[in-house]
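Here is what each chain is made of, one letter per residue.
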Amino acid sequence: MTQTINSVFEAQQKHKYTLRNSNATQRIDKLKTLKATIEKYEKDIYAALQSDLRKSQFEAAVTELIFIYGELDFAIKNVGKWMKPKRVGKSLTSLMAKNRIYYEPKGACLIISPWNYPFQLMMSPLLSAIAAGNCAILKPSELSPATSSIINKIIKECFEEQEICCFEGDASVSTALLALPFDHIFFTGSTAIGKVVMEAAAKNLTSVTLELGGKSPTIIDESANLKKAAEKIAWGKLINAGQTCIAPDYILIPESRQEEFVMEYAHAANRLFFNSNQQINENAYAKIINERHFNRLTTLMDDATEKGAKIAFGGGKDEAKQTINPTVLTQVNLDSNIMKEEIFGPVLPIITYQTSEEAIEQINGRSKPLTLYIFSANHKNINHIIKNTSAGGTCVNDVLIHISNPKLPFGGVNSSGMGSCHGFFGFKTFSHERAIVFQSAMNMSNLIYPPYEGKHGLLKWLKKLM
């Protein structure tokens, strides 16, 4: 495997110089080919996501396929504009020059994707890399093998290995790839593995984009509409069984509103993911990816209850089916592991607060989250929270939807990630912004360069330019 990886890498190192000269029409054709091939294998993609995560076709369509089709269409429409050199203003030292920013491909890139949205989180950075004119080697997650297999099939049908190639396999494949001097690495996954990727990249001074995660908080204040808030939070938390990097991780709510919120959340969860007989609807509710993650979540719940947390809703689980029911915890001890780790599952802890400042302190006392959610009708309070916290992105009175707008940058900050993606921001991620100055060939040295005759000489020179 290592020999094959090295062979493909060397081929891409040579081919990247050809790709850097590709024009907008050529890149658009590649994006169109990728879209057509995805459409061809759409049924197989749905089947793979059902096999790996028990995703319903509706959920897979909304969160994986439609998302990627939208990004592809947006790139196809705009890549020609993105590629054009950008004019910038003149400076005192370049008054007679033309100043431009050229977007040139970074070269040979490595894209490592996770298992929770295995199709979307591979294809999204890939289409940005293609739009920017790069070669790429792909490493999908071994924990979602059915989806990894169909990704590999699509890539082989669309591209030559010297341009885009996919390698399946376990962590040893990732290790072999990370040892190579890529021009850029795009990694989506946990903060812990992100540190490993960054350390490996540092050895080759390779630039990185890290799309990580963290404990994304949700603040609900006294003015919020609890019914609407609970419905949106339940959907955002429980889609893909909570295995979403931007899922609401925990709730901060005034104590006086906690009981009503739990009731509304339970109603919403029952309506979305349970049958009429109060059993989980497996046609609508995903499973936990594997036994290890199931046991991790069970351990977090057990630790929380042993330290005083109460199960206010749910709590059921089925190990044989790798299913954990939607669960709400109240009276959660802040020293519980569930308040220290990203949950990445359908368990929702609730923390009560007395003042807005207390809620802000809870957020700022932890690492900067990937997303912050605010539910409020009080604009002054909303702005106060935004100004006094930091997060990769923020939604007010909704959840998740900021990721779906290709005109917005998506990315984390510090431990929740670095760099951004989607739309033009994804194109920029896989491009080097090259500054170019076109100076006039005429002999204008007397005008361009200031004399060294003290302040009086400098004043004369400035007057010439005015």
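Computed from a predicted model, the values in this text were never measured in an experiment.

Quick look at a nonpolar patch on the surface now. Nonpolar side chains collect at one region of the surface, where Phe 58, Val 62 and Ile 66 lie side by side and expose about 320 Å² of accessible area between them. Relative to the helices and strands, Phe 58 is located in helix H4 (residues 57-83).

Moving on, we come to the pairing of strand S3 (residues 108-112). The element S3 is largely enclosed, with a buried count of five among its five residues. Both faces of S3 are covered, namely the face carrying Ala 108, Leu 110 and Ile 112 and the face carrying Cys 109 and Ile 111. Relative to strand S4 (residues 135-139), S3 runs parallel, the two being bridged by five bridges. Paired with Ile 111 across the two strands is Leu 138, which belongs to S4. On the question of chirality, the crossover connecting S3 to the parallel S4 by way of helix H5 (residues 120-131) is right-handed.

What follows deals with the UniProt feature "active site" (unreviewed entry) in the protein. In the UniProt entry, the feature "active site" (unreviewed entry) is given for Glu 211 and Cys 245. Taking the farthest pair of C-alpha atoms as the criterion, the annotated set spanning 35 residues converges on one region, since that pair is 9.0 Å apart. Setting aside its immediate chain neighbours within four residues, Glu 211 contacts Phe 186, Phe 187, Thr 188, Gly 189, Phe 410, Gly 411, Gly 412, Ser 416, Gly 419, Ser 420 and Cys 421. Note on placement: Cys 245 falls in the loop between helix H9 (226-238) and strand S9 (250-254). On the accessibility criterion, Cys 245 (16% relative accessible area) is buried. With residues near it in sequence (within four places) discarded, Cys 245 still touches Asn 116, Leu 212, Gly 213, Ser 216, Glu 342, Phe 344 and Leu 370.

Within helix H13 (residues 379-387) the residues assigned to the buried category are Asn 381, Ile 382 and Ile 385. Seen end-on, H13 carries its buried residues on one side only, within an arc spanning 105°. Of the exposed residues in H13, the ones pointing more than 90 degrees away from its buried face are His 379, Lys 380 and Lys 387. The inward-facing, buried residues of H13 contact strand S8 (217-220), helix H12 (356-364), strand S15 (371-375) and strand S16 (393-396).

Axis angle and axis distance: for two packed helices, these are the angle between their axes and the distance between the axes, and together they describe the pair. The N-to-C vectors of helix H2 (residues 24-40) and H5 enclose an angle of 155°; their axes lie 9 Å apart at closest approach. As far as their axial angle goes, H5 and H2 are roughly antiparallel. Residues Arg 27, Lys 30, Leu 31, Leu 34 and Ile 38 of H2 lie in contact with H5, whose contacting residues are Met 123, Leu 126, Leu 127, Ile 130 and Ala 131. Considered class by class, the residues forming the contact of H2 with H5 number eight nonpolar, no polar and two charged.

Here we take up the packing of aromatic side chains. Geometrically, a pair of aromatic rings is defined through the distance of the ring centres and the angle of the planes. By the definition in use, this model includes 13 aromatic pairs. Ring geometry for Trp 82 versus Phe 424: centroids 6.2 Å apart, planes at 50°, classification tilted. On the criterion of sequence distance, the pair formed by Trp 82 in helix H4 and Phe 424 in helix H14 (residues 423-429) is long-range, its members being 342 residues apart. Arranged with centres 5.7 Å apart and planes meeting at 15°, the rings of Phe 186 and Phe 430 form a pair that is stacked. With Phe 186 in strand S6 (residues 184-188) and Phe 430 in the loop between H14 and strand S18 (431-438), this pair connects stretches of sequence that are 244 residues apart. Here the aromatic cluster, defined as three or more aromatic residues joined through ring pairs, consists of Phe 74, Trp 82, Tyr 103, Phe 424, Phe 425 and Phe 427. When the ring centre of Tyr 250 is taken as origin, the NZ or CZ atom of Arg 366, which lies over that ring, is 5.1 Å away.

What follows concerns the packing of helix H3 (residues 42-53) against H4. Contact pair H3 / H4: the axes reach a minimum separation of 10 Å and the direction vectors enclose 125°. With respect to H4, the element H3 is oriented oblique. Handedness of the H3/H4 crossing: right-handed. Every residue of H4 that contacts H3 at Glu 42, Ile 45, Tyr 46 and Leu 49 is listed here: Gln 57, Ala 60, Ala 61, Glu 64, Leu 65 and Tyr 69. Class assignment of the residues belonging to the contact of H3 with H4 gives a composition of seven nonpolar, one polar and two charged.

Next up on the list: the UniProt feature "domain: Aldehyde dehydrogenase" (unreviewed entry) in the protein. According to UniProt, the feature "domain: Aldehyde dehydrogenase" (unreviewed entry) maps to residues 5-433 in the numbering used here. Across residues 5-433, the secondary structure splits into 44% helix and 18% strand, with the terminal C-alpha atoms separated by 29 Å.

Under the defined criterion, the tally for this structure stands at 14 salt bridges. Residues Lys 139 and Glu 142 are paired through a salt bridge, measuring 3.2 Å at the closest nitrogen-oxygen approach. Accessibility expressed as a relative area gives 1% for Lys 139, which makes it buried. Bridged by salt links that share partners, the residues Arg 20, Glu 104 and Arg 434 form one connected network.

Here we come to the side chain of Asp 303. Relative to the elements of secondary structure, Asp 303 occurs in helix H11 (residues 291-306). Excluding its chain neighbours within four sequence positions, the residues that come into contact with Asp 303 are Ser 336 and Asn 337.

This part is about the domain arrangement of the protein. Domains assigned within the protein are domain 1 (1-212 + 422-436) and domain 2 (217-403). The straight-line distance from the C-alpha centre of domain 1 to that of domain 2 is 31 Å. In this complex, domain 1 contributes 16 residues to the contact, which on the side of domain 2 involves 20 residues. Of the roughly 1600 Å² buried where domain 1 meets domain 2, counting both sides, 54% is carbon and sulfur surface. Among the residues of domain 1 in contact with domain 2, Arg 54, Glu 59 and Trp 115 are the three that bury the most area, contributing 40% of the side total. Where domain 1 touches domain 2, the interface holds zero salt bridges. The tally of links from domain 1 across to domain 2 stands at ten residue pairs in polar contact (both at pLDDT 80 or more). Contributions of two or more residues to the side of domain 1 that touches domain 2 are made by H3 and H4. Of the residues in the side of domain 1 that touches domain 2, the class split is six nonpolar, six polar and four charged.

Reading guide: rules and limits
- Along each chain, residues carry numbers from 1 onward, in the same order as the chain's sequence is written.
- Only residues with pLDDT of at least 70 get local features here, since the model is predicted, and only at 80 or more are side-chain atom pairs given and counted; chain-wide, interface and lining totals rely on the full set of residues.
- Only hydrogens and water are removed before side-chain values are computed, so all heavy atoms of the structure are retained for them.
- Excluding any residue in a salt bridge, patches collect residues exceeding 30% relative accessible area, merging like charges within 9 Å and nonpolar Val, Leu, Ile, Met, Phe, Trp and Tyr side chains within 5 Å.
- All accessible-area figures derive from a Shrake-Rupley calculation using a 1.4 Å probe, and residue coverage is judged against the displayed protein chains alone.
- Salt bridges are defined by distance alone: a side-chain nitrogen of Lys or Arg within 4 Å of a carboxyl oxygen of Asp or Glu.
- By definition, any uninterrupted DSSP run of H or I lasting at least four residues is a helix, any uninterrupted run of E lasting at least two residues is a strand, and each is numbered from the N terminus.
- The rule is simple: take the accessible area with a 1.4 Å probe, protein chains only, and divide by the maximum for that residue type; under 20% is buried, over 50% is exposed, in between is partly exposed.
- Only strands joined by at least two bridges in the DSSP assignment are considered to pair.
- By convention a crossover is right-handed if, when the strands point away from the viewer, the path from the first strand over the helix to the second runs clockwise.
- UniProt positions are given in the numbering used here, feature names are shortened, and annotations may be inferred rather than shown by experiment.
- Pairs of residues are marked as contacts when any of their non-hydrogen atoms sit within 4.5 Å.
- By construction, the arc corresponds to the directions joining the helix axis to the C-beta atoms.
- Under this scheme, a helix contributes an axis fitted over its contacting stretch, all axes are lines through C-alpha atoms, and angles between N-to-C directions fall in the 0 to 180 degree range.
- Orientation categories follow fixed angle ranges, with anything under 35 degrees roughly parallel, anything over 145 roughly antiparallel, 65 to 115 roughly perpendicular, and all other angles oblique.
- Side-chain classes follow a simple rule in which Ala, Val, Leu, Ile, Met, Phe, Trp, Tyr, Cys and Pro form the nonpolar group, Asp, Glu, Lys and Arg form the charged group, and the remainder, Gly included, forms the polar group.
- Between rings of Phe, Tyr and Trp, where Trp is taken as its six-membered ring, a pair exists when centres lie within 6.5 Å; planes separated by under 30 degrees are stacked, by over 60 edge-to-face, and by other angles tilted.
- A ring is considered to have a charge above it if a Lys NZ or an Arg CZ atom is located within 6 Å of its centre and within 35 degrees of its normal.
- Each crossing gets its hand from how the near helix is turned against the far one by less than a right angle, where anticlockwise is left-handed and clockwise is right-handed.
- An automatic or database domain assignment is the source of the domain bounds shown.
- When two parts are put together, the accessible area they lose, computed with a 1.4 Å probe and summed over both, is reported as buried area.
- Any N or O atom pair separated by 3.5 Å or less is treated as a polar contact, with the protein-specific requirement of one donor-capable and one acceptor-capable atom, and with residues adjacent in sequence counted only for side-chain atom pairs.

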